[in-house]
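# Breakdown of the fold
The primary structure of each chain is shown beneath.
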Amino acid sequence: MSTVIPPRADKPPHADKPVGTPRAVTPMPTSARPRPSNVTLKVTMALTGTVFALFVLVHMIGNLKVYTGPGHFDDYAHWLRTLLEPLLPYEGMLWIFRAVLALCLVLHVGASFILIGRAHKAKGRFRRKGMSIKRLPATLMPYTGLVLLVFIVFHILDLTTGTRPAASDHFVSTTETSSHAYHNLVESLQRWPVAAFYILVMVLLGTHLVHGLWSVVNDLGATGHRTRRLGALVALVVAAAVMIGNISIPIAVLAGLVS
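## Here we look at the nonpolar core
By size, the foremost hydrophobic cluster in this structure holds 26 residues, and its most contacted members are Val66, Leu189, Met202, Leu209 and Val258. Of all elements in the fold, only helix H1 (38–63), helix H4 (136–159), helix H5 (181–189), helix H6 (192–219) and helix H7 (225–254) reach the threshold of two or more residues within this core. A total of eight residues in this core trace back to one element, the largest contributor, which is H7.

## Re the pattern of salt bridges
Counting across every chain of the model gives three salt bridges. Ionic pairing is found between Glu91 and Arg81, a salt bridge with its closest N-O pair at 3.0 Å. With a gap of ten residues between them, Glu91 in the loop between helix H2 (70–82) and helix H3 (92–123) and Arg81 in helix H2 connect regions that are remote in the sequence. A salt bridge links Asp169 to Arg164; the shortest N-O distance between them is 3.6 Å.

## Some remarks on the packing of H1 against H6
It is the contact of H1 with H6, at a shortest axis distance of 9 Å, that shows an interaxial angle of 135°. Between H1 and H6, the angle is such that the two are oblique. Where H1 crosses over H6, the handedness of that crossing is left-handed. Between H1, through Lys42, Val43, Ala46, Thr50, Ala53, Val56 and Asn63, and H6, the contact on the second element is made entirely by Tyr198, Leu209, Leu213, Val216 and Asp219. For the contact of H1 with H6, a count of residues per class yields eight nonpolar, two polar and two charged.

## What to know about the confidence of the model for the protein chain
For the protein chain, the mean per-residue pLDDT works out to 86, and 83% of the residues sit at or above 70. In the model of the protein chain, H4 stands out as the element of lowest mean pLDDT, 90, in contrast to H5, which has the highest, 96.

## Some remarks on a nonpolar patch on the surface
Taken together, the side chains of Phe113, Leu146, Leu149, Ile152 and Ile156 make up a nonpolar region of the molecular surface, amounting to roughly 440 Å² of accessible area. No other element matches the four residues that H4 contributes to the nonpolar patch. Relative to the elements of secondary structure, Leu146 occurs in helix H4. Looking at Leu146, the relative accessible area reads 45%, which means it is partly exposed.

## Some thoughts on H3
With 32 residues, H3 should reach 46 Å at 1.5 Å per residue; the first-to-last C-alpha distance of 47 Å fits that figure. Those residues of H3 lying buried are Gly92, Met93, Leu94, Leu101, Cys104, His108, Ala111 and Leu115.

## Digging into the packing of H6 against H7
Working note: a packed helix pair is described by the angle between its axes plus the distance between those axes. Put simply, H6 and H7 touch, their axes get as near as 8 Å, and they point 170° apart. The angle between H6 and H7 places the two elements in the roughly antiparallel class. Per-class residue counts for the contact of H6 with H7 are 22 nonpolar, five polar and one charged.

## As for the packing of aromatic side chains
Across all of its chains, the model carries five aromatic pairs by this definition. Seen from their ring centres, Phe151 and Tyr198 are 5.7 Å apart, and the 70° between their planes marks the pair as edge-to-face. Placement of the pair is Phe151 in helix H4 and Tyr198 in helix H6, with a sequence separation of 47 residues. Of the residues examined, Phe151 reaches a relative accessible area of 9% and is grouped as buried. With centroids separated by 5.7 Å and ring planes inclined at 85°, the aromatic side chains of Phe154 and Phe197 adopt a geometry described as edge-to-face. Placement of the pair is Phe154 in helix H4 and Phe197 in helix H6, with a sequence separation of 43 residues. The class for Phe154 is partly exposed, based on a relative accessible area of 22%. Residue class for Phe197 comes out partly exposed when judged on its relative accessible area of 24%. Pairwise contacts between aromatic rings join Phe151, Phe154, Phe197 and Tyr198 into one cluster. Against the face of Tyr76 rests Lys65, its NZ or CZ located 5.7 Å from the ring centre.

Rules behind the numbers
- Residues numbered from 1 in each chain as written.
- Predicted model: local features only at pLDDT ≥ 70, side-chain atom pairs only at ≥ 80, totals over all residues.
- Heavy atoms only, no water.
- Core = buried A, V, L, I, M, F, W, Y, C linked by side-chain atoms within 4.5 Å.
- Buried < 20%, exposed > 50% of the residue type's maximum accessible area, 1.4 Å probe, protein only.
- Helix = DSSP H or I, 4+ residues; strand = E, 2+ residues; numbered from the N terminus.
- Salt bridge = Lys/Arg side-chain N within 4 Å of Asp/Glu carboxyl O.
- Axes fitted to C-alpha atoms, helices over the stretch in contact; angles between N-to-C directions.
- Parallel < 35°, antiparallel > 145°, perpendicular 65-115°, else oblique.
- Left-handed = near helix turned anticlockwise from the far one by under 90°.
- Contact = heavy atoms within 4.5 Å.
- Nonpolar A, V, L, I, M, F, W, Y, C, P; charged D, E, K, R; others polar.
- pLDDT = per-residue confidence, 0-100.
- Patch = residues over 30% accessible without salt bridge, like charges linked within 9 Å, V, L, I, M, F, W, Y side chains within 5 Å.
- Areas by Shrake-Rupley, 256 points an atom, 1.4 Å probe, with all protein chains shown as cover.
- Expected span 1.5 Å × (residues − 1).
- Phe/Tyr/Trp six-rings, centres within 6.5 Å; stacked < 30°, edge-to-face > 60°.
- Lys NZ or Arg CZ within 6 Å of the ring centre and 35° of its normal.

As structure tokens, then:
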């Protein structure tokens, strides 16, 4: 006679039932991606920064005409105001240049502030310590940029509008038939505080250009080793040329070589 083993009393009633398919887990909501994206902001800074680099390079080449004497320098300044006449009115092309540069400045500064704000928010209270000298130009970029912004305003008041006390007491306004750019430049840089400020800003501009142009290579997606080395070389050459060329002018004025 066989013995029937009763079921265990502690066995759960649903133990023999097949296990059903687990319910799908609803993903946690994620925060929306910031707009504009960091990539868009970096490309904007790269493109506008390239425009500024070309401008300061061409501007420096034009400034070197001061070594050819007042006649050539004033003729060059007057030519800029009459460029493409009579297709454009007097100073028409110059105002187009100014509008493009102003737009690039707004985009460049705006993108910079947004990226810096996002970087500080991402870092929180933690800050990198023991920064190497190689990181110094990148670390100083916001500060050199602010100094350059102040210098742009001062430079316009000094040599474009002739607004005192930025401009010298001997500033002569430009007319549609004559230019006094050489006279105004010399009178301005004969003031040693202005000349010293100009030299300091040119050193900061060189530092800003070196890292800025190198960042252009990265932000526009260059990955090849040769391309990156070429970009670094171009950044160094352009920054050095702009810095040395512009610094030579106040030194020449103070030394009496340009007067």
